[in-house]
Amino acid sequence: MARVRPRRGEPNPLVGPPRSMTPRSQPQPPPNLEKTFAAQIQALQSPYRHYRVAANRFLAYLQTDFPHVRNLSDLRRDPHLLGWIRSLGQEHPPLSNYTRRIYLIRLRRLLRDLAPEGQPGLILTEDFPQSPHTAPKKVLPPQTERHPLNDESVLRTHPLFGEIFDSRIRTLATSFRPDTINTYRVTARRFLSYLQADFPQVHQLSELRRDPHLLGWVRGLYQQDPPLSNGTREQYLYKLWRLLQDLVAAGHSLIRAEDFPPRLSKKRGAQLSDFRFGELFEARIQTLATTLRPGTIPGYRITARRFLSYLQTDFPQMQQLADLRRDPHLFGWFRRLCQQEPSLSNSTRQAYLLQLRRLFDDLACAGHPLQPGLILTEDLPPRPQYLPRALSLEDDQRLLQELRRHDDLLSNALLLTRATGLRIGECIALAVNCLRSVAPDQWALHVPLGKLRTERLVPVDEDVRHIIDRILTLRTQAPASQLAQSAHFLLPRSQPSYLYENLRVALHQAAQRSGCSDRITPHRLRHTYATEMIRLGVGLPAVMKLLGHKTVRMTLRYVQVTQRDLQREFHLARQNAVQVHHIPELSVTSFPSAESGLPGILSTLAATRHLLEMYRRQLKDDGASRRLRRLDKRLHSVALELDRFSSAEK
């Protein structure tokens with residue numbers, strides 16, 4: 001049995017240091033099994049959720065059936081491990097073969113890492129239950145046993161094409177999950193083994209043909225024993241189609257995409273015409289198709305089909321649209337969307353409600369007697385509010401330096417995207433003559449119709465002009481076939497989808513080489529551009545126009561304003577302000593002419609109080625202002641006494 005020893009530098013908790021000839025003190029008793037397993041799981045470098053579950057189930061079994069087992073050295077294959085394997089097979093409700101295999105694999109790894117040298121294997125390969133729909137696996141000798149999905153050399157089954165397929169899968173591995181990459185490896189290995197066995201005379205990829213090579217492989221998938229499911233065959237065909245498309249994008253001469261065997265057609269789903277009121281909804285959707293984008297129309301059909309299916313199932317007695325009510329019909333559908341498994345996101349449910357409300361409004365405008373207010377604004381679930389995803393200043397600088405250092409066509413295209421805030425699709429669609437002169441020594445980048453069906457001019461500086469000149473220079477080095485297919489575009493391509501994928505992979509690789517601390521996507525460059533413009537003092541309406549948005553609210557999703565930005569703007573505003581509040585100046589009353597008697601004294605007191613009040617309001621010292629207010633009160637008291645004295649004389 002192959003022994004997998006720990007690769008980490010931590011010491012094995014149950015394997016002591018080499019024995020010495022000098023006497024030692026009495027050894028301490030080994031820790032109990034629970035602490036031993038917990039320590040080993042914590043030391044694993046891979047995700048250890050399944051390890052913890054498998055260990056907990058095994059320890060619970062030992063505590064129930066073998067409470068006297070306290071140390072790892074007491075474990076035996078029979079009865080301890082074989083008894084646990086039997087208990088997994090007898091559990092109710094029964095566990096699937098896949099789940100039992102996971103438990104055994106995880107526990108075997110833990111026991112191998114913890115077992116002393118020389119202890120026989122407690123869990124053997126023949127203990128694993130067979131995977132569903134797979135042929136029995138041949139047990140390899142201990143020296144050659146390997147996990148095929150994790151072996152990067154399995155694609156070399158074909159002496160000529162193995163390395164080519166392997167390189168494409170390694171490129172995909174930069175952006176896909178490991179389990180997805182394993183599926184690509186299995187597909188490529190099966191296809192290359194088929195070619196090596198049935199068509200050994202094929203020595204170049206350009207010799208591949210739809211018939212007999214590809215159709216023969218498809219027939220082989222149908223004739224496999226045990227038979228493959230439709231989903232498995234569909235997955236194999238799609239993975240191989242994707243690999244061949246990537247090879248074409250990399251410059252290999254292959255069969256055309258239209259010559260590749262089509263993906264398996266799925267069972268025809270229910271059409272709108274199959275439901276009650278389906279023809280009415282289909283007519284309104286056909287009208288919407290004259291103004292909306294083609295990609296939007298399927299969403300309306302899905303919404304209408306789901307709603308009409310719900311009505312036909314839960315309210316079969318409803319025969320007219322005029323009978324449709326908010327309660328119970330629409331409320332019931334709202335609850336149905338919330339209770340669906342797997343659960344729908346708030347964005348998906350909001351899209352369903354908005355599309356159905358639009359169809360209701362159009363039907364009402366067409367003269368159908370629908371009740372108003374069937375779907376209200378308060379029925380829409382709130383969308384999640386995500387923070388802007390601008391790059392940090394350090395990651396942004398490292399990435400720009402790496403792209404400038406690499407200086408190829410894709411790197412310069414990414415630099416252009418970062419310097420202008422373009423969407424990646426807009427960058428791909430740029431024309432060769434996209435640079436326009438708008439004034440003497442002033443240039444702008446013409447952005448064609450994009451996501452929101454608007455075109456715009458984005459101001460550029462000398463750096464952007466240098467990037468475009470560099471792209472035009474590198475463009476001439478592209479293959480002639482790509483230049484012929486993209487004569488009017490700035491970036492040469494065989495197909496736009498290939499160029500998008502190559503840009504995304506190039507950005508991912510540049511971020512890895514530069515040591516960025518986070519995953520970077522092309523759209524994050526747009527967020528970073530918007531945040532940079534705000535920090536440079538560009539107003540929100542101008543940033544909205546630069547990004548091609550229709551509302552400022554949309555632009556706010558892209559802008560990241562940190563606390564440092566708030567502090568800087570606040571103190572800058574305080575420094576620029578002459579006064580915190582504007583204080584209007586009071587008009588100065590002319591000093592009264594000298595009069596004899598009490599009336600002259602009263603007029604003088606009133607003028608004095610007025611001048612004191614004007615002076616007090618201009619003071620910034622609160623203490624002096626309070627003292628003048630007290631003095632004004634005393635003058636007011638003197639004026640009242642004089643007024644009473646004048647009244648007594650009369």
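Residues numbered from 1 in each chain as written. Predicted model: local features only at pLDDT ≥ 70, side-chain atom pairs only at ≥ 80, totals over all residues. Heavy atoms only, no water.

Student: Break down the nonpolar core for me, citing the residues and quoting the values.
Tutor: Grouped together as the largest cluster of nonpolar side chains are 44 residues, with contacts concentrated most on L399, L416 and L445. Looking at this core element by element, the count peaks at 6 residues for helix α18 (residues 496–514). Not counting chain neighbours up to four residues away, the residues in contact with L445 comprise L416, T420, L422, L430, C434, L435, R456, L457, V458, V460 and I468. Among the nonpolar cores identified, the runner-up in size contains 32 residues, and L330, L344, L356 and I375 belong to it. (Core = buried A, V, L, I, M, F, W, Y, C linked by side-chain atoms within 4.5 Å. Buried < 20%, exposed > 50% of the residue type's maximum accessible area, 1.4 Å probe, protein only. Helix = DSSP H or I, 4+ residues; strand = E, 2+ residues; numbered from the N terminus. Contact = heavy atoms within 4.5 Å.)

Student: Report on the side chain of E402, specifying residues and quantitative values.
Tutor: Locating E402 in the fold gives a position in helix α13 (residues 393–406). According to the relative accessible area criterion, E402 is buried, its value standing at 9%. Within the local environment of E402, its side chain forms a polar contact with the side chain of R513, the two groups lying 2.7 Å apart. Not counting residues up to four positions away in its chain, the partners in contact with E402 are A510, R513 and S514. (Polar contact = N/O pair within 3.5 Å; in protein donor to acceptor, adjacent residues only side chain to side chain.)

Student: A description of the confidence of the model for the protein chain should follow, citing residues and the corresponding values.
Tutor: In the predicted model, the protein chain carries a mean pLDDT of 78, and the fraction of residues at 70 or more is 80%. The element-level mean pLDDT for the protein chain is lowest in helix α1 (residues 33–43), coming to 69, with helix α14 (residues 409–420) highest at 93. Between residues 1–31, whose pLDDT stays under 50, and residues either more than four places distant or in other chains, the model counts 44 contacts. In this model residues 133–154 is a low-confidence stretch, pLDDT under 50, and it forms 28 contacts with partners more than four residues away in sequence or in other chains. (pLDDT = per-residue confidence, 0-100.)

Student: Please provide a residue-by-residue account of the packing of aromatic side chains, values included.
Tutor: One pass over the full model with this rule turns up 13 aromatic pairs. Taking 6.2 Å as the distance between ring centres and 40 degrees as the angle between the ring planes, the aromatic pair formed by F307 and Y310 counts as tilted. Taken together, the residues F307 and Y310, both in helix α10 (residues 297–314) and 3 residues apart, mark about one turn of the helix. Y310 sits in the buried class, given a relative accessible area of 3%. With centroids separated by 6.1 Å and ring planes inclined at 50 degrees, the aromatic side chains of F331 and F334 adopt a geometry described as tilted. (Phe/Tyr/Trp six-rings, centres within 6.5 Å; stacked < 30°, edge-to-face > 60°.)

Student: An account of the packing of helix α5 (residues 162–172) against helix α8 (residues 230–249) is needed here, citing residue identities and associated values.
Tutor: As a packed pair, α5 and α8 sit with axes 10 Å apart at the nearest point and diverge in direction by 100 degrees. Accordingly, the angle class assigned to the pair α5 and α8 is roughly perpendicular. Contact residues: α5 offers I164, F165, R168, I169 and L172, while α8 offers L240, R242, L243, L244, D246 and L247. Counted by class, the contact of α5 with α8 contains 8 nonpolar, no polar and 3 charged residues. (Axes fitted to C-alpha atoms, helices over the stretch in contact; angles between N-to-C directions. Parallel < 35°, antiparallel > 145°, perpendicular 65-115°, else oblique. Nonpolar A, V, L, I, M, F, W, Y, C, P; charged D, E, K, R; others polar.)

Student: A description of unusual backbone geometry should follow, citing residues and the corresponding values.
Tutor: With an omega of 25 degrees, the peptide bond between D78 and P79 qualifies as cis. Its location among the elements puts P79 in helix α3 (residues 77–89). Along the chain, D327 connects to P328 via a cis peptide bond; the corresponding omega equals 20 degrees. Position of P328 among the secondary structure elements: in helix α11 (residues 326–338). We note that F277 has phi near 70 degrees; this positive angle belongs to a residue other than glycine.

Student: Could you give an account of the pattern of salt bridges, with specific residues and numbers?
Tutor: Inspection of the entire model under this criterion finds 24 salt bridges. Residues R358 and D362 are paired through a salt bridge, measuring 3.4 Å at the closest nitrogen-oxygen approach. With a gap of 4 residues between them, R358 and D362 both fall in helix α12 (residues 346–365), about one helical turn apart. Judged by its relative accessible area of 32%, R358 falls in the partly exposed class. For D407, the salt bridge is made with R470, and the minimal N-O distance between the two is 3.1 Å. One end of the pair, D407, is in the loop between α13 and α14; the other, R470, is in helix α16 (residues 462–475), and 63 residues separate them in sequence. Of the residues examined, D407 reaches a relative accessible area of 29% and is grouped as partly exposed. For R470, a relative accessible area of 27% gives the class partly exposed. Where salt bridges share partners, they join R242, D246, E501 and R504 into one cluster. (Salt bridge = Lys/Arg side-chain N within 4 Å of Asp/Glu carboxyl O.)

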